[in-house]
Amino acid sequence: MNDLLILDIFWDRQLVRDKSGKELEIFRGKDYDHDWVHLGHGYSKDNDWIYYYNDTCFENQLNEIDITSFVLIEANELENTVYFKDKIAVYLKSYMCGFSTLPKANPNNFQILDLDKGYSTSGEFDYWYESKLPYILSEMTPINESYQRVDNSIFFAYTIKMACDVATFEQVHPKVTTVFKDKDHLYFKSKIVEGANPATFQFLEECISNDSLYYLECDIHFYAKDDKQAYFINEPFGIKIIKTRDLENFRFEVIDEIGYGRDSKYRYEKGRRKKIE
């Protein structure tokens, strides 16, 4: 190594020139840094640290990890989802949960069932990403990407059991995955929308039909009303009640590619009231 001139340094190798002038690559872990181990998908380790390319990672979890036995199980780089294990536990690094330890997962019998969907299993427990499920996946039927049915129960996000009437629980509109209703209530995600009437609640056709005009965030922003009040729905994040005094004339319009709810006196941008000049 002392006879080599380093020309360039990469995270897993070096480009060097020997005494004869020949350029060649030497590899980390094999030709130098012999305690360094390539784990795959840009991850590596040595006796003291875990790395992602050139940077250390999981520093806050090192006191829980057994580095000697730490290995990468499988990765989906497009979804930023990577499973690891050591002799003690199973770990997940994902856009869904950051870096987490799967509760009660046994590294000796842990298996990934569907990497893209975040399904895995260990002994008597099944998992959705880092969450230990209160049922086994074979008993679960997806309703849509947000809700699941297991026997006579409905779950939101796989782990939150809904207090709803299962027989009448249904999606209000196929374009909005987080708004459901039963015979008694309207739901946004796992919560009851207080004061909403499920019998009369409906999305405004002008913002949700296939022929609707384009407006910014038209795939997640919608307006609706029932016989009591109007609503602005941000599908991933929330539902806002609009207390219009002109519910009969509440409608939707697009101005300069911005979608508004409106009545005879006000426009509502993302549910916020603005007086019509």
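Refer to the structure above for everything that follows.
Heads up: these notes are all about the structure in this document. (Residues numbered from 1 in each chain as written. Predicted model: local features only at pLDDT ≥ 70, side-chain atom pairs only at ≥ 80, totals over all residues. Heavy atoms only, no water.)

Take the side chain of Asp12 next. Mapping Asp12 onto the fold places it in the loop between strand E1 (5-9) and strand E2 (13-17). Here Asp12 is in contact with Phe27, Arg28, Tyr32 and Trp36, once residues within four sequence places are set aside. (Helix = DSSP H or I, 4+ residues; strand = E, 2+ residues; numbered from the N terminus. Contact = heavy atoms within 4.5 Å.)

Take the nonpolar core next. Core analysis: the largest hydrophobic core is formed by 24 residues, its most contacted members being Val179, Phe201, Phe203, Cys207, Tyr223 and Ile233. For this core, the secondary structure elements donating two or more residues are strand E21 (176-181), strand E22 (186-188), helix H1 (205-208), strand E25 (221-225) and strand E26 (230-234). Here this core gets 4 residues from one element, more than from any other, and that element is E26. Residues in contact with Phe201, not counting those within four places in the same chain, are Val172, Val179, Leu186, Ala224, Lys225, Asp226, Tyr231 and Ile233. (Core = buried A, V, L, I, M, F, W, Y, C linked by side-chain atoms within 4.5 Å. Buried < 20%, exposed > 50% of the residue type's maximum accessible area, 1.4 Å probe, protein only.)

This paragraph deals with the sheet that holds E1. If you trace the 3 strands from one edge of the open sheet to the other, you get E1-E2-E3, paired in antiparallel fashion. Two strands close off the open sheet at either side, each with one partner strand: E1 and strand E3 (23-27). For this sheet, the mean inter-axis angle between neighbouring strands, taken without regard to orientation, is 35°. (Pairing = 2+ DSSP bridges. Axes fitted to C-alpha atoms, helices over the stretch in contact; angles between N-to-C directions.)

Next up on the list: the layout of surface pockets. As a volume, the largest pocket reaches approximately 400 Å³. If you go around the largest pocket, you meet 18 residues; those closest to its centre are Met96, Trp128, Glu145, Ser146 and Tyr158. Residues belonging to the lining of the largest pocket are distributed by class as follows: 10 nonpolar, 3 polar and 5 charged. (1 Å grid on protein atoms, 1.4 Å probe; cavity = no way out; pocket = protein on both sides within 12 Å on 5 of 7 lines; lining within 4 Å. Points joined across faces, edges and corners; volume = space filled by probe spheres on them. Nonpolar A, V, L, I, M, F, W, Y, C, P; charged D, E, K, R; others polar.)

With that settled, consider the sheet that holds strand E31 (residues 272-275). One open sheet holds the 4 strands; their spatial order is E28-E29-E30-E31, and the pairing between them is antiparallel. The sheet is open, and its two borders are formed by strand E28 (251-255) and E31, each paired with just one other strand. Averaged over all adjacent pairs, the angle separating strand axes in this sheet is 35°, with direction ignored. Sheet topology note: the strand E30 (residues 266-269)/E31 ladder contains 4 bridges and is antiparallel. Its bridge partner lying in E31, Arg267 is registered against Lys274.

Attention shifts here to the environment of Asn2. Tracing the backbone through its elements, the reader meets Asn2 in the segment before E1. Sequence-wise, Asn2 and Asp18 are 16 residues apart; in three dimensions their C-alpha atoms are separated by 9.6 Å.

Summed over the entire model, instances satisfying the criterion amount to 10 salt bridges. When the shortest N-O distance is used, the salt bridge between Glu217 and Lys270 registers 3.8 Å. Taken together, the residues Glu217 in the loop between H1 and E25 and Lys270 in the loop between E30 and E31 connect sequence positions 53 residues apart. The class for Lys270 is partly exposed, based on a relative accessible area of 36%. Through salt bridges with shared partners, a single ionic network connects Asp12, Arg13 and Glu25. (Salt bridge = Lys/Arg side-chain N within 4 Å of Asp/Glu carboxyl O.)

Time to look at the pairing of strand E13 (residues 119-122). Along a regular strand, successive side chains alternate from one face of the sheet to the other. Of the two faces of E13, the one lined by Tyr119 and Thr121 and the one lined by Ser120 and Ser122 are each fully buried. By the bridge criterion, 3 bridges tie strand E12 (residues 111-114) to E13 in an arrangement that is antiparallel. In the sheet register, Gln111 faces E13, and the bridge partner there is Thr121. Hairpin connection between E12 and E13: a loop of 4 residues separates the two successive antiparallel strands, and Gly118 in this loop has a positive phi of roughly 80°.

What follows deals with the side chain of Ser100. Here Ser100 lies in strand E11 (residues 98-101). The class of Ser100 is buried, set by a relative accessible area of 15%.

This next bit is on the environment of Asn109. Along the chain, the position of Asn109 falls in the loop between E11 and E12. Owing to a relative accessible area of 34%, Asn109 belongs among the partly exposed residues under this scheme. When the C-alpha atoms of Asn109 and Gly123 are compared, they prove to be 6.5 Å apart, with 14 residues separating the residues in sequence. Sequence-distant contacts of Asn109, that is, excluding residues within four places in its chain, are made with Thr121, Ser122 and Gly123.

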